[in-house]
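Notes for the structure review
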Amino acid sequence: MHESLLIYRNMRYLKISLVLVLVTGLLYVFHSPVGSPNGGTWLGYTLGTLAAGIMVWLSWFGIRKRSFGGPAMRMEDWASAHIYLGLALVVVSTFHSGFQFGINIHTLLYFLMMFVVLSGVVGLYFYIRFPKMLAENRAGLTTDIMLTQISELDRELSDFSLTVDDETAKAVYEAVHNTKIGGNLINQLTLYVADCPTMAARIFVEQSDGVCDESTRRKLLTRLTKKEGLLSRIRKDVKLRCLLQLWLYIHVPFTFATLAALVAHIVVVFYYW
Amino acid sequence: MGERLKVAIVGSGPAGLSAAAHAAQLGMSHALLERADHASDTIYKYQKGKFVMATPDILPLRSDLSFMAGRREEVLDAWNQGLDSCRANVHYNSDVTKIDRTSEGFQLHTAGGEAFEAENVILSIGLQGNINKMRCEGGDLPLVQYQLDDPEEYENETIVVIGAGDAAIENAVALSAQNTVFIINRRAEFARAKQGNLSLILGAIDKGAVQCYYESNPLKVEPDGIVLDTPDGEVTVKCNRIIARMGASPPRRFVEACGVEFPSEDPKVLPEVSPTYESNVPGLYIVGALAGYPLIKQAMNQGYEVVAYLNGDDIPPADEPLLIEKFQAIGDVAVSDVLASIRETIPVFSELNTLLLREVMLESEVHAVRQGEDIFQRNDYSSTFYTIFAGHVGIQINEDDPSQVVELKEGAFFGEMGLISGRRRTATVVALTDCVVFETPRRTMLKLIQSVESVKRILDKTSILRQIQTHLTPGVPAEDLEDLVDSAEIQNFKAGDAIFSQGDTGNHMHLIRSGSCTVSTRVGGREVVLSYVPAGNYIGEMALLSNMPRSATVKAANNTETICLSGEDFSAVMAKNNILRNSIEAKFRARLRQNEQMAARPEAGNIIQFLVEQGVGEATDVLLIDETLCVHCDNCEKACAETHGGLSRLNREAGPSFASIHVPTSCRHCQHPHCMADCPPDAIHRAPDGEVFIDDSCIGCGNCENNCPYGVIQLASPPKEKSSLLSWLLFGKGSAPGEEASYEAGLLAERTKNGEKQEKDLSSKKAVKCDMCKDVEGGASCVNACPTGAAARVSPEKFMDIAMLSQ
Ligand SMILES: Cc1cc2nc3c(=O)[nH]c(=O)nc-3n(C[C@H](O)[C@H](O)[C@H](O)COP(=O)(O)OP(=O)(O)OC[C@H]3O[C@@H](n4cnc5c(N)ncnc54)[C@H](O)[C@@H]3O)c2cc1C
Ligand code: HEM
Ligand code: HEM
Ligand code: SF4
Ligand code: SF4
Ligand code: SF4
């Protein structure tokens, strides 16, 4: 029923972008300017203007994404076109520059733009891979349900730990009260859990054979193992969801930087004409 | 026992009050008997500060008491003052338990042992009914209560809640936050509760927050506890408080005991009354909600009128000017003449009494249509019913050739399929001459079908023929279908009922009129769903064509009505008609092929099964999210909030998932919306494109919220103005796009500043739900705003495609 971004509308925007790239390439090949090709020839200006137009349009996506209920162009259209035109921009701007790179503002612009494109490609990869992984990881549960199940397990753990020796009780207490799910960004992304009190408690109970009576020990162990499983699910969930947003925090600020550099580029070019 | 009264009025709701006030005004001897210790108990029980509406606005008020839209307290004060100043004779705490007929009139008995003699009785007891009380020993002890206003009032108590309905569950769960709570259920499960409440209570019991005694009954209440009869013997539970929520019994039994007859067994049906509101018992009058007029103003008008009639005054009904205006389109004719000629020309309406006919006409629209104009078009989503008062109309039966029309003359009706299936119109209807047609809302017609036998009879016969012609045998002349129609029979199935089962013998065919079905077969001991069949299609042709036992089981996916056709009669029709035979056989082969494909892919069948279990079968348009695409950006919710006053009408994350299809909590625009069933001002409608929406006349009673089984309606305060996107971007003014608009914050500020303001804000809440963005350019914002294409709105016809495509 649902079409992914890449194949949306029979890849209409891929086709448009390919045509654009092809025309640009042909023009570039058959264009023989005086001297080497560069942004200063008529073709250079044309392609530069085209590139700037695309650039601005791509950035406009950020605004468009936040204005709802407007005229009927679906966001999926925008997104699909955004991706393919963004990729086409690589070709258009490269031909525009005529491969004249140096240490200057123009080349800075070029690399900033390439970085935005690169981050876009990474983001797209996330968009395509992660939803499925998220769904599989959740196995039909929602975050809310998982959290309720954890608090349920915590309640049971607290109840059972009333009858055990102090040390076990302390480990379980830690597991119930001091287990963190999110933590800082690094924790979220690396799934770093070496000091997870739930894991510690599980290992402790596993190894403390014979300290408390066997049936309680078994009960504690199953609860702790279950909780650990849920925790790792939730942590993976958090990680994936975090990444799905995180890349935009690179993509968007660099978009602004690129726009600023573009303005500088144009000013410089006209100034030194 | 005192003097014999001219009239005794039972129940002091708006209808009873108004009657008593007019009787006092006229100096007629009367008594107003009210069960509660205050007037108008139904309105007294509204939420504190609730804003009471005076709909319908166009209807003039005719009463000696005043009534204007306003807060509950103001309305009640005005009535109490009015009653005092006109010296009405009111008896509070007088619960009338019995009304006997005597040779001179009636004798009324109250629970307190009083008796009243009266020549006439006006019953205005509304529809709220009697709260079921505890009948065991000690049931009147002070620890027993029947209502719970504010669960937060109680702390650290042990509380026993008796009952298993929604009210009992909601009370028990709310109380369990601060108290030890037991719930007593007469049965082994909570069968009567809404889905949401069911999971709520089972969760609470699972967690130990609420303790439940199943299959248990109260035996005895003691001053500090209750004795229960449980499957494990008698158990005593010590407690501080007992809250009995055992429902209310509708007033029908009491009314019947007074000698009043009801037209049918249907629990929704109300007694019939004459144009002067007299029931079948002479001298016993019925007004207000019990007579089928569910709004305050109507009830007050009737209270006044019925007393005026008793007094011998011949006043035209209050709606006379409205009808005059309505009939303007017909010409300058007196209302009574128009009504008479309606009865004469239109058979469906011919047996209605004057009061009912007036009501029907008030709710209907009169259209004067010029020759050649469309009345409605194929694929429109309206569900109204049309009758022809004058002129001829044509039904275009062939989509591709508009010149093929079936002509209907005055007296005939059309559009009746809208009453049954709640799906799109199947044909365009045009005026062949200038004509006058009446358009009657579905709700009004359904009420008529329930209460007037002749309406149902006439409708059924004609609509069976037309449905067979439309969906099964297009192009076959009506003469050839006579036997088939005569032997046809309408059958009803509840969700999950089998229409027939694999291996059954029998060759009936079923044409699905409303609802939908799943077709399944057993493969290796497992049930595999092969197909989903929506309304307007037939099933059962395979056995007929192949002369074999049923090859599959067909079950109703939701409440389903079919026309059951005799196999022999249908074979006879096919024998005469080659084209028909060929088309049925082609369909038969296509189905065989599809069944094979589906049997090879049980996952696809499981998806259908899942969707049906989620109640999606009764949807016309449901939001589905493909989990393999959704990046959880919540742009869909933001878009909905942004286009709907800051409050999202969909909850993306909530709701079940299966095989990467997620059904978020959002309106499904049901074929027969449950939410519409019981809306006092009739504020919920279906727009031409199928959107179910709530208009401004919503009075915030909350019925729809309770009635929607999918929990998609919320009660919310009206939205505040939102600042523009630009001013948010540039100056950080107002709320971010999609954020719960600033009125939430505004409300908080008001709360701290001014307690009174807050109350007003809360009490003017109205119901909100997804309206399919019918007023938003470009349609469903949630779908348009989804950047990945994960969100889609689909109709049941597409379920098969979804199932086939999904992995
Ligand atoms: C939550 C809610 C909100 C609503 N909001 C609005 C609104 O804003 N505007 C509007 O127009 N309508 C509204 N309605 C509908 C309106 O309340 C009813 O249509 C109206 O009250 C019907 O009036 P009535 O006189 O027929 O019956 P009721 O108002 O129900 O009055 C019946 C009275 O009879 C008494 N009684 C019953 N049995 C006996 C007996 N055996 N002996 C003695 N007394 C008895 C009862 O105690 C009660 O006082 C709302 C309904 C609800 C439930
Ligand atoms: C996304 C948009 C753009 C990118 C990435 C870009 C990039 C570049 C690069 C890398 C060069 C080569 C620099 C060099 O020769 O040393 C260049 C040259 C040039 N660009 Fe652009 N450019 C863009 C838009 C524009 C626009 C909009 C204009 C004009 C209106 C323009 C005008 C020029 C000119 C005139 C030159 C030649 C300058 C020179 O040779 O010194 N460019 N551009
Ligand atoms: C110079 C080129 C580009 C610019 C200026 C640009 C700019 C932007 C901006 C402003 C947004 C809006 C982000 C937000 O507000 O949430 C965005 C989103 C996005 N971009 Fe780019 N982009 C560029 C190239 C690309 C490329 C090449 C790709 C992919 C191959 C890409 C993929 C995306 C995706 C997937 C989104 C998120 C869509 C969403 O979640 O709504 N972008 N981009
Ligand atoms: S609000 Fe509920 S009952 Fe009404 S149409 Fe929507 S899903 Fe159906
Ligand atoms: S269709 Fe419109 S109103 Fe309905 S959920 Fe989507 S955005 Fe909200
Ligand atoms: S807008 Fe689309 S991708 Fe984003 S959360 Fe909603 S359904 Fe998922």
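In this numbering scheme, every chain counts its residues from 1 along its sequence in written order. Both sets of labels track the order of writing: A upward for chains, 1 upward for ligands. Since the coordinates come from a predicted model, pLDDT governs what is reported: local features require at least 70, and pairs of side-chain atoms require 80 or more to be given and counted, while whole-chain, interface and lining totals use all residues. Remark: hydrogens and water are excluded; side-chain values derive from all non-hydrogen atoms of the structure.

When you go through chain A residue by residue, the secondary structure sums to 10 helices and zero strands. Ordered by position from the N terminus, the helices and strands of chain A form the series α-α-α-α-α-α-α-α-α-α. Within chain A, the proportion of its 273 residues that are buried is 43%. Sequence separation of 24 or more characterises 78% of the internal contacts of chain A that already satisfy a separation of 6 or more. Carbon and sulfur atoms make up 67% of the accessible area of chain A, which totals about 14900 Å². Only DSSP runs of H or I covering at least 4 residues are called helices, and only runs of E covering at least 2 are called strands; the numbering of each starts at the N terminus. Type-normalised accessible area, obtained with a 1.4 Å probe on protein chains alone, sets the label of each residue: buried when under 20%, exposed when over 50%, and partly exposed for intermediate values. The contact rule is simple, with two residues in contact once any of their heavy atoms fall within 4.5 Å. Using a 1.4 Å probe, the Shrake-Rupley method yields the accessible areas, and only the shown protein chains count as cover for residues.

Helix and strand content of chain B: 25 helices and 43 strands. Each of the 807 residues in chain B was classed as buried or not, and the buried ones make up 52%. Long-range contacts, defined here as pairs at least 24 residues apart, represent 68% of the contacts in chain B between residues at least 6 apart. Of the roughly 35800 Å² of accessible surface on chain B, 48% is carried by carbon and sulfur atoms.

All names here are of chain B. By the element assignment, Gly391 lies in the loop between β22 (385-390) and β23 (393-396). As for Gly391 and Thr433, which are separated by 42 residues in sequence, their C-alpha atoms are 5.7 Å apart. Once residues lying within four places of it in the same chain are set aside, the contact partners of Gly391 are Leu408, Lys409, Glu410, Thr433, Asp434 and Cys435.

Between chain B and chain A, the residue contacts involve 40 residues of the former and 32 residues of the latter. The term buried area refers to how much accessible surface (probe radius 1.4 Å) is lost by two components on association, counted for both of them together. Counting the surface lost from both chain B and chain A, the interface buries some 2800 Å², and carbon and sulfur atoms represent 64% of this. Area buried by chain B at its contact with chain A is led by His632, Glu653 and Pro787 of chain B, which between them contribute 19% of it. For salt bridges, the criterion is a side-chain nitrogen of Lys or Arg within 4 Å of an Asp or Glu carboxyl oxygen. If you look at where chain B meets chain A, you find two salt bridges. Between Arg241 of chain A and Glu653 of chain B there is a salt bridge; the shortest N-O distance is 3.9 Å. N or O atoms within 3.5 Å of each other form a polar contact, as long as, within protein, one can give a hydrogen and the other can take it, and as long as residues adjacent in sequence are counted only when both atoms are side-chain atoms. Seen at the junction of chain B and chain A, the total is three residue pairs in polar contact (both at pLDDT 80 or more).

To continue, consider the packing of helix α5 (residues 143-160) of chain A against helix α9 (residues 214-246) of chain A. Residue and element names in this part refer to chain A. An axis is simply a line fitted to the C-alpha atoms; with a helix, the fit covers only the stretch in contact. Between two such axes, the angle follows the N-to-C directions and lies from 0 to 180 degrees. Look at α5 against α9: their axes get within 10 Å of each other, and the N-to-C directions meet at 155°. Viewed along their axes, α5 and α9 adopt a mutual orientation that is roughly antiparallel. The hand of the α5/α9 crossing is left-handed. Reported orientations rely on four angle classes, namely roughly parallel under 35 degrees, roughly antiparallel over 145, roughly perpendicular from 65 to 115, and oblique for the rest. Left-handed describes a crossing whose near helix is turned anticlockwise from the far helix by less than a right angle; the clockwise case is right-handed.

The nonpolar side chains of soluble globular proteins are, as a tendency, buried together. All names here are of chain B. What makes a nonpolar core is a set of buried Ala, Val, Leu, Ile, Met, Phe, Trp, Tyr and Cys residues whose side-chain atoms join them at distances within 4.5 Å. Counting 61 residues, the largest nonpolar core has Trp79, Ile99, Leu108, Ile122, Leu123 and Leu284 as its most contacted members. With residues near it in sequence (within four places) discarded, Leu284 still touches Phe106, Val121, Leu123, Cys258, Val260, Tyr277, Glu278 and Ser279. Judged by nonpolar contacts, the second largest core, of 26 residues, contains Val335, Leu352, Met361 and Phe389.

All names here are of chain A. Look at helix α2 (residues 42-64) against helix α3 (residues 75-97): their axes get within 9 Å of each other, and the N-to-C directions meet at 150°. In terms of orientation, α2 lies roughly antiparallel with respect to α3. Crossing of α2 against α3: the hand is left-handed. Between α2 and α3, the residues in contact are Gly44, Leu47, Gly48, Leu50, Ala51, Ile54, Met55, Trp57, Leu58, Trp60, Phe61 and Arg64 and Met75, Trp78, Ala79, Ala81, His82, Leu85, Gly86, Leu89, Val92, Ser93, Phe95 and His96, respectively. The residue classification treats Ala, Val, Leu, Ile, Met, Phe, Trp, Tyr, Cys and Pro as nonpolar and Asp, Glu, Lys and Arg as charged. All others, Gly included, are polar. For the contact of α2 with α3, the per-class residue count stands at 17 nonpolar, six polar and one charged.

Residue and element names in this part refer to chain A. The coordination sphere of the iron atom of ligand 2, as far as protein atoms go, consists of His96 (NE2) and His265 (NE2), spread over 2.0 Å. Distances define the donors: N, O and S atoms within 2.8 Å of the metal qualify, as do those within 3.2 Å of Na, K or Ca. Water is excluded, so some sites may look unfinished. Any coordination sphere not matching a tetrahedral pattern (four donors, all angles between 85 and 135 degrees) or a square planar or octahedral pattern (four or six donors, opposite donors over 155 degrees apart, other angles between 65 and 115) is reported as irregular. Classification of the site at the iron atom of ligand 2 rests on its six donor atoms, whose angles at the metal span 85 to 180°, yielding the label octahedral. Here His96 is found in helix α3, whereas its partner His265 is found in helix α10 (residues 248-271), with 169 residues between them in sequence. For the pair formed by His96 and His265, the shared burial category is buried.

Residues and elements named next belong to chain A. Donor atoms from the polypeptide that coordinate the iron atom of ligand 3 comprise His82 (NE2) and His251 (NE2), at 2.0 Å from the metal. If you look at the iron atom of ligand 3, its six donor atoms make angles of 84 to 177° with each other, and the shape they trace is octahedral. With His82 in helix α3 and His251 in helix α10, this pair connects stretches of sequence that are 169 residues apart. Accessibility assignment for this pair places His82 and His251 in one class, buried.

Next up on the list: the site of ligand 6. If you check the shell around ligand 6, you find 14 residues, and the closest are Cys630, Cys633, Asp634, Cys636 and Cys786 of chain B. Looking at the shell around ligand 6 residue by residue, the class counts come to nine nonpolar, three polar and two charged. Any residue with a non-hydrogen atom lying within 4 Å of a molecule or strand is treated as near it.

The next thing to look at is the pairing of strand β31 (residues 516-523) of chain B. Residues and elements named next belong to chain B. With six of eight residues buried, β31 is to be regarded as a mostly interior element. We call two strands paired when DSSP finds no fewer than two bridges between them. When β31 meets strand β32 (residues 526-534), the two strands line up antiparallel, connected through eight bridges. Across the sheet, residue Val523 finds its bridge partner in β32, namely Arg526. Taken together, β31 and the strand that follows it, β32, pair antiparallel across an intervening segment of two residues, in which Gly524 is found at a positive phi of about 50°. Pairing analysis gives four bridges linking β31 to strand β34 (residues 553-556), with the strands arranged antiparallel. In the sheet register, Cys517 faces β34, and the bridge partner there is Ala556.

Lining the immediate surroundings of ligand 4 are Cys667, Arg668, His669, Cys670, Pro673, His674, Cys675, Cys708, Tyr710, Val712, Ile713 and Lys769 of chain B. Counted by class, the shell around ligand 4 contains eight nonpolar, two polar and two charged residues.

Here we take up the pairing of strand β35 (residues 560-565) of chain B. Residue and element names in this part refer to chain B. Most of β35 is tucked away, with six of its six residues classed as buried. Side chains Thr560, Thr562 and Cys564 project from β35 onto one buried face, and the interleaved Glu561, Ile563 and Leu565 project onto a second face that is buried too. In this structure, strand β28 (residues 489-493) lies alongside β35, joined through five bridges in antiparallel fashion. When the sheet's bridge partners are listed, Ile490 is paired in β35 with Ile563.

Another point: a negative patch on the surface. On the surface, Asp149, Asp150, Glu152 and Glu153 of chain B cluster together to form a negatively charged patch. Assignment of secondary structure puts Glu153 of chain B in the loop between β10 (144-145) and β11 (158-162). Each patch is built from salt-bridge-free residues with over 30% relative accessible area, joining like charges within 9 Å and nonpolar side chains (Val, Leu, Ile, Met, Phe, Trp, Tyr) within 5 Å. His is not counted here, nor are the chain ends, while Lys and Arg score as positive and Asp and Glu score as negative. We put the charge of a Lys on NZ, of an Arg on CZ, of an Asp on CG and of a Glu on CD.

Residue and element names in this part refer to chain B. Read across the sheet, three strands follow the order β14-β15-β16 without closing on themselves; strand pairing throughout is antiparallel. The open sheet terminates on both sides in strands that have one partner only, identified here as β14 (217-222) and β16 (233-238). Along the sheet, successive strands turn relative to each other by an average axial angle of 25°, direction set aside. Where β14 meets strand β15 (residues 225-230), five bridges bridge the pair, whose relative direction is antiparallel.

Looking now at the confidence of the model for chain A. Per residue, pLDDT captures the predictor's confidence, and it can take any value from 0 to 100. Looking at chain A as a whole, the pLDDT averages 86, with 94% of positions reaching at least 70. The element-level mean pLDDT for chain A is lowest in helix α7 (residues 185-190) of chain A, coming to 72, with α10 of chain A highest at 94.

The next subject is unusual backbone geometry. Residues and elements named next belong to chain B. Non-glycine residue His669 carries a positive phi angle of around 50°. Topologically, His669 is positioned in the loop between β38 (661-662) and β39 (684-686). You can call His669 buried: its relative accessible area is 0%. Of note, the phi angle at Met772 is positive, near 60°, even though the residue is not glycine.

Moving on: the packing of aromatic side chains. Here is the rule: rings of Phe, Tyr and Trp (six-membered ring for Trp) pair when centre to centre is within 6.5 Å. Planes less than 30 degrees apart are stacked, more than 60 are edge-to-face, and the remainder are tilted. One pass over the full model with this rule turns up 24 aromatic pairs over all chains. Relative to Phe658 of chain B, the ring of Phe610 of chain B lies with its centre 5.2 Å away and its plane at 25°, an arrangement referred to as stacked. With Phe610 of chain B in helix α18 (residues 602-613) and Phe658 of chain B in strand β37 (residues 657-658), this pair connects stretches of sequence that are 48 residues apart. Aromatic rings pair up to connect Tyr28, Phe95 and Phe99 of chain A into one cluster. By definition here, charges over rings are those cases where NZ of Lys or CZ of Arg is within 6 Å of the ring centre and within 35 degrees of the ring normal. Over the ring of Tyr44 of chain B we find Arg72 of chain B; its NZ or CZ atom is 5.4 Å from the centre of that ring. When the ring centre of Tyr710 of chain B is taken as reference, the NZ or CZ atom of Arg668 of chain B above it lies at 3.8 Å.

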